[in-house]
Amino acid sequence: MKHLFLAAFTASVLLLCSCAREYIPYEVLQVSKYDKVYTAYNLWYTNPLEMTSENIQQGKLIPFGTEVVLTHMDEDKVCFEANGEKFQINIDDKNLENVYTFTVRTFTKKNADQLAGQSTAAEFEKMRRGIVSEGMTENQVLIAYGRPSLTRSPNLANNTWIYQIGPVKSRRIMFKKTAKDKPRTVEKIFEL
């Protein structure tokens, strides 16, 4: 009997210790659970329940400014619903970013029009479809593609950002150097 109790106690401790720390998504975003929450940039996926924080540009996309309901968040993942479908983004250890920072960067109170700001109708449509072209601003690239991988482009102040577009393919975005008071714009796009 003593061994059975000890085994049950040990199993309980191991179970409790192995659980990921849970967060309250709306507290992380510092919004009310009644506030509308939207995607801050396009999110790409091939399987809605196995998305990655690397945001590899394959498959379908959830356009920026899509209204979402955050349903669960722990150290390893963020779960949400959009357009009647369930999604799960797994936080990739390679991305060097914790779930808290990732969530604050990925979800916002701003809708699509607010995010796009002064963009023209043509630029808005390109961003919604996940297309980046020469002349687009740094902010428009962030909306269309999301933040580049921290392992490939750790500093957004650099003039080159690298995005993963497949298992072995990447896209390099080069920005023009401009005056400090003007936004940088895309100069060249390379497939690697």
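All values derive from a computational prediction rather than experimental measurement. (Residues numbered from 1 in each chain as written. Predicted model: local features only at pLDDT ≥ 70, side-chain atom pairs only at ≥ 80, totals over all residues. Heavy atoms only, no water.)

Undergrad: It is not clear to me how the nonpolar core should be interpreted in this structure. Could you clarify?
TA: Considering soluble globular proteins, one finds that nonpolar side chains tend to be buried as a cluster. Core analysis: the largest hydrophobic core is formed by 23 residues, its most contacted members being V37, L70, F80 and F107. Taken together, the elements giving at least two residues each to this core come down to α2 (25-28), β2 (43-45), β5 (67-74), β6 (77-82), β7 (85-90) and α3 (99-106). Once residues lying within four places of it in the same chain are set aside, the contact partners of F107 are L29, V37, Y38, T39, A40, V68, L70, V78, F80 and I89. (Core = buried A, V, L, I, M, F, W, Y, C linked by side-chain atoms within 4.5 Å. Buried < 20%, exposed > 50% of the residue type's maximum accessible area, 1.4 Å probe, protein only. Helix = DSSP H or I, 4+ residues; strand = E, 2+ residues; numbered from the N terminus. Contact = heavy atoms within 4.5 Å.)

Undergrad: What is the right way to read the environment of K60 from this model?
TA: Checked against the element boundaries, K60 lands in strand β4 (residues 60-62). What K60 contacts, discounting residues up to four positions off in sequence, is L43, W44 and Y45.

Undergrad: Explanation requested: the environment of Y41 in the structure shown.
TA: Structurally, Y41 can be placed in the loop between β1 (37-39) and β2. Judged by its relative accessible area of 4%, Y41 is buried. A C-alpha to C-alpha distance of 8.1 Å links Y41 and F107, two positions 66 residues apart in sequence. In contact with Y41, not counting residues within four places along its chain, are N55, I62, F64, F102, R105, T106, L142, I143 and G146. Separated by 3.1 Å, the side chains of Y41 and R105 make a polar contact. Only 2.8 Å separates the side chain of Y41 from the side chain of T106, close enough to count as a polar contact. (Polar contact = N/O pair within 3.5 Å; in protein donor to acceptor, adjacent residues only side chain to side chain.)

Undergrad: Help me understand the side chain of Q140 in this model?
TA: Relative to the helices and strands, Q140 is located in helix α6 (residues 138-145). Under the relative-accessibility criterion, Q140 is labelled buried at 5%.

Undergrad: What's the story with the sheet that holds β5 in this structure? I'm lost.
TA: Two strands in a sheet stick together by hydrogen bonds in their backbones, pointing the same way (parallel) or opposite ways (antiparallel). Pairing is mixed across the open sheet formed by six strands, whose spatial order is β3-β7-β6-β5-β1-β8. Every other strand in the sheet has two partners, leaving β3 (51-52) and β8 (107-108) as the edge strands with one partner each. Relative to β7, β6 runs antiparallel, the two sharing six bridges. Bridging from a neighbouring strand, F80 pairs with F87 of β7. (Pairing = 2+ DSSP bridges.)

Undergrad: I would appreciate a short explanation of the sheet that holds strand β10 (residues 170-175) in the present structure.
TA: If you walk across this open sheet you meet the three strands as β9-β10-β11, and the pairing is antiparallel. With partners counted over all chains shown, the strands left at the sheet margins are β9 (160-164) and β11 (186-191), one partner each. On average, each strand axis in the sheet is inclined to that of its neighbour by 20°, with strand direction left out of account. Where β9 meets β10, five bridges bridge the pair, whose relative direction is antiparallel. Looking at the pairing, I162 lines up with R172 of β10. Packing of α6 onto the sheet brings it into contact with β9, β10 and β11, and relative to β9 it is tilted by some 10°. (Axes fitted to C-alpha atoms, helices over the stretch in contact; angles between N-to-C directions.)

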